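# Descriptive structure summary
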Amino acid sequence: MTQLALFTRLLDDASPGERYALALAQLQQAERLGLDRAWVAQHHFRAAEGGLPSPFVFLAHAAAATHGIRLGTGVVTLTLEDPVRVAEDAVVLDLLSGGRFDLGLGSGGTPTSFAPFGLELADKTAVYEAKLDTLLTALRGGDVGGGNTLYPDAGTLGDRVWQATFSPSGGARAGRHGHGLLLSRTQPRPDDRPDATLAELQEPIVDAYLDALPSGARPFVTASRTVFVADDRTEARAFADAGLRRAIRTFRGGRLSEGVDLDTLIAASDTHVGTPDEVAASLAADPTLARADEVAFQVHSVDAPHAHILRSIELFATEVAPALGWRSPSASPASHPITTGGHA
């Protein structure tokens, strides 16, 4: 059955240190409710886009405070990193977590983040692919220069790599490598298809991914979705109205006016919000989820207060997921999705 995961960009309305503490509490809540995995995103420089530039540091802290839940980067912006250092940090984190770490990678989506790292946005794809080759060579135990190989070695971490993408070509790249595929909670609409549904954009990515997988490779598709569940419909919509209006410029390429009605904003941002019954019905209407091996839910861009996020996690795990026939959460240790190996 479909696995369940929590996803966070660490956007709580709090100081940086408090953000990290609240995110840890949310991960621990997810573990208590039997979720399989927790993903965290890396973002540089802008607090409103994401609060975590150093995901390996945070996840090492989270690993010490959890027991069975898997931990993943969704994603490390590999284009902006030294790939050998990413490999080293990932291996150490995997060891510290007892083999619970999964490495999600992406090429980057914030244009202004490239300049501080001495990179041009136009070179993004070529730089990403070159660094990906170096990273995978390191994880396989290959020579990364001067006759050097990774220490500690990567164990089976190379079998637990994901790639995120907005395009079929990116899906094909993930498939060729036999990696997992990470689908975003929302994504930009093409200029010639401003009203395309999220499924219309993402199903071709899944098709390209599956077509490119080597013979015998096991596919694994994680679909992230914005989900906010509350006991009261009015309360859920009030939080959605406040949060989505803060982020309105990012939806549909900034084509929405600030005076747009809430239902239009919810649809344009691909958000699932309401009571458990409403959210279950909304998710059931998303055809891409039927093809996903894992659904990763996040509250962004609703970004309700911490207590309401904890309650949303609980309602999703205990009411929404069972209503959709997904695996009933339990308090048992989380399963390993692609391999049961690792360093553990």
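As a starting point, this report considers the structure included with it.

Procedures and definitions
Residues numbered from 1 in each chain as written. Predicted model: local features only at pLDDT ≥ 70, side-chain atom pairs only at ≥ 80, totals over all residues. Heavy atoms only, no water. Helix = DSSP H or I, 4+ residues; strand = E, 2+ residues; numbered from the N terminus. Contact = heavy atoms within 4.5 Å. Buried < 20%, exposed > 50% of the residue type's maximum accessible area, 1.4 Å probe, protein only. Polar contact = N/O pair within 3.5 Å; in protein donor to acceptor, adjacent residues only side chain to side chain. Arc of directions from axis to C-beta. Core = buried A, V, L, I, M, F, W, Y, C linked by side-chain atoms within 4.5 Å.

## What to know about the environment of Ala 47
- You can see Ala 47 is positioned in the loop between strand 2 (37-40) and helix 2 (55-64).
- Between the alpha carbons of Ala 47 and Leu 11 there is a distance of 7.5 Å; along the sequence they are 36 residues apart.
- When neighbours within four sequence positions are excluded, Ala 47 is seen to be in contact with Leu 11 and Arg 19.

## What to know about the side chain of Ser 269
- Relative to the helices and strands, Ser 269 is located in the loop between helix 8 (262-268) and strand 9 (271-274).
- When its relative accessible area of 2% is taken as the criterion, Ser 269 is described as buried.
- Only 3.3 Å separates the side chain of Ser 269 from the backbone oxygen of Ile 266, close enough to count as a polar contact.
- Not counting residues up to four positions away in its chain, the partners in contact with Ser 269 are Thr 186, Leu 244 and Phe 251.

## Some remarks on helix 9 (residues 276-284)
- Every buried residue belonging to helix 9 is among Pro 276, Val 279, Ala 280 and Leu 283, and all of these are buried. Looking down the long axis of helix 9, one finds its buried residues gathered within 100° of arc, a one-sided arrangement.

## Some points on the nonpolar core
- Membership of the largest hydrophobic core comes to 83 residues, with the highest contact counts inside it found for Phe 58, Leu 103, Leu 105, Leu 139 and Phe 316.
- Ignoring any residue separated from it by four or fewer positions in sequence, one finds Phe 316 in contact with Leu 4, Val 227, Val 229, Leu 283, Phe 297, Ala 321, Pro 322 and Trp 326.
- Counting residues in each nonpolar core, the second largest holds nine residues, with Trp 39, Ala 41, Phe 220 and Ala 296 among its members.

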